[in-house]
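For reference, the chains in residue letters:
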Amino acid sequence: MKSWILKSEPDAFSIDQLMAERTQTTLWDGVRNYMARNNLLAMELGDKGYFYHSSCKVPAIVGEMRVVEKAFPDETQFNPESRYFDSKSTRKNPRWFSPRLQFERKYATPITRGMLHKTVLVNSQLFKSFRLSVLPLTQSEAATLEKIVLRLNPL
DNA sequence: GCCAACGTTGGC
DNA sequence: GCCAACGTTGGC
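Here is a short report on the structure shown in this document. On a predicted model such as this, the values are computed, not experimentally measured, just so you know.

Right, let's talk about the protein's contact with DNA strand C for a bit. Taken together, K7, Y52, S54, S55, P59, R113, F130 and R131 make up the full set of residues near DNA strand C. Sugar and phosphate atoms constitute 74% of the interface atoms of DNA strand C, taking the interface as everything within 4 Å of the protein. The separation between a phosphate oxygen of DNA strand C and a polar side-chain atom of K7 is 3.1 Å. Between DNA strand C and Y52, the relevant distance is 2.7 Å, taken from a phosphate oxygen to a side-chain nitrogen or oxygen of the residue. Broken down by class, the residue content of the surface near DNA strand C amounts to three nonpolar, two polar and three charged.

Now for the protein's contact with DNA strand B. The full set of residues close to DNA strand B is N33, Y34, M35, K128 and R131. A breakdown of the atoms of DNA strand B within 4 Å of the protein gives sugar and phosphate a share of 64%. One of the side-chain nitrogen or oxygen atoms of R131 is found 2.7 Å away from a base oxygen of DNA strand B. Tallied by class, residues from the surface near DNA strand B come to two nonpolar, one polar and two charged.

Under the counting rule described, the total for this entry stands at four aromatic pairs. Relative to W28, the ring of F13 has its centre 6.4 Å away and its plane inclined at 85°; by these criteria the two rings are edge-to-face. In this pair, F13 sits in the loop between β1 (3–8) and α1 (15–20) while W28 sits in the loop between β2 (25–27) and α2 (34–42), placing the two residues 15 residues apart along the sequence. A relative accessible area of 17% means that F13 is categorised as buried. Classification of W28 by relative accessible area gives buried; the value is 6%. Their ring planes at 25° and their centres at 6.2 Å tell us that F13 and F51 sit as a pair that is stacked.

With that settled, consider the nonpolar core. If you look at the biggest cluster of nonpolar residues, it comprises 35 residues, and the most contacted ones within it are L6, W28, I61, L116 and L145. Top element by residues in this core is strand β4 (residues 60–73). It accounts for five residues. If we skip the residues at most four places from it in the chain, I61 touches I5, Y50, F51, Y52, Y107, P110, I111, L116 and L145.

Within the sequence span of α2, burial applies to A36, R37, N39 and L40. Angularly, the buried residues of α2 cover 160° about the axis, an arc narrow enough to put them on a single face. The elements touched by buried residues of α2 are β1, β4, β5 (97–112) and β6 (134–137). The N-capping residue of α2, defined by a side-chain oxygen 2.9 Å from the backbone nitrogen of M35, is N33.

The rules behind the values
- Residues numbered from 1 in each chain as written.
- Chains lettered and ligands numbered in written order.
- Predicted model: local features only at pLDDT ≥ 70, side-chain atom pairs only at ≥ 80, totals over all residues.
- Heavy atoms only, no water.
- Near = heavy atom within 4 Å.
- Polar contact = N/O pair within 3.5 Å; in protein donor to acceptor, adjacent residues only side chain to side chain.
- Nonpolar A, V, L, I, M, F, W, Y, C, P; charged D, E, K, R; others polar.
- Phe/Tyr/Trp six-rings, centres within 6.5 Å; stacked < 30°, edge-to-face > 60°.
- Helix = DSSP H or I, 4+ residues; strand = E, 2+ residues; numbered from the N terminus.
- Buried < 20%, exposed > 50% of the residue type's maximum accessible area, 1.4 Å probe, protein only.
- Core = buried A, V, L, I, M, F, W, Y, C linked by side-chain atoms within 4.5 Å.
- Contact = heavy atoms within 4.5 Å.
- Arc of directions from axis to C-beta.

Put into structure tokens, the structure is as follows:
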């Protein structure tokens, strides 16, 4: 099982909104960056997704999700009304894909960017490729993060 | 609100 | 195919 970090601006879509969904799932759509897309395509069923709130007062990992459906073409790319419309995308040749993620857990104590900065995770893509909105974690990074999570948020 | 980082676009 | 201009992300 792999672990990923998925960023969202809480003003646009927050973990509370995900929890409020009837099925507590969401399609991770609207991603328009090729590296991020490739990461979305690489997600397997059962992979863990850390929900990261970006562009807000306290950037932080705020909870966990689970991949419950592999990526398939993102409908918003075909919709001229959508802000994510892509005129160069066709149904035969879609460019953008979204997996479905299910809410698993919201942390009582979010893992802030500041806290992560003081750990070995400072060497992860969260800091190295800080603009990328969908990031993979290595096995050791995932293990480190999991330890921090469990220390601050015991099950 | 500023600005650095960096991906994308488009002219040549 | 290069690269300058431009736009966006996101921390601070």
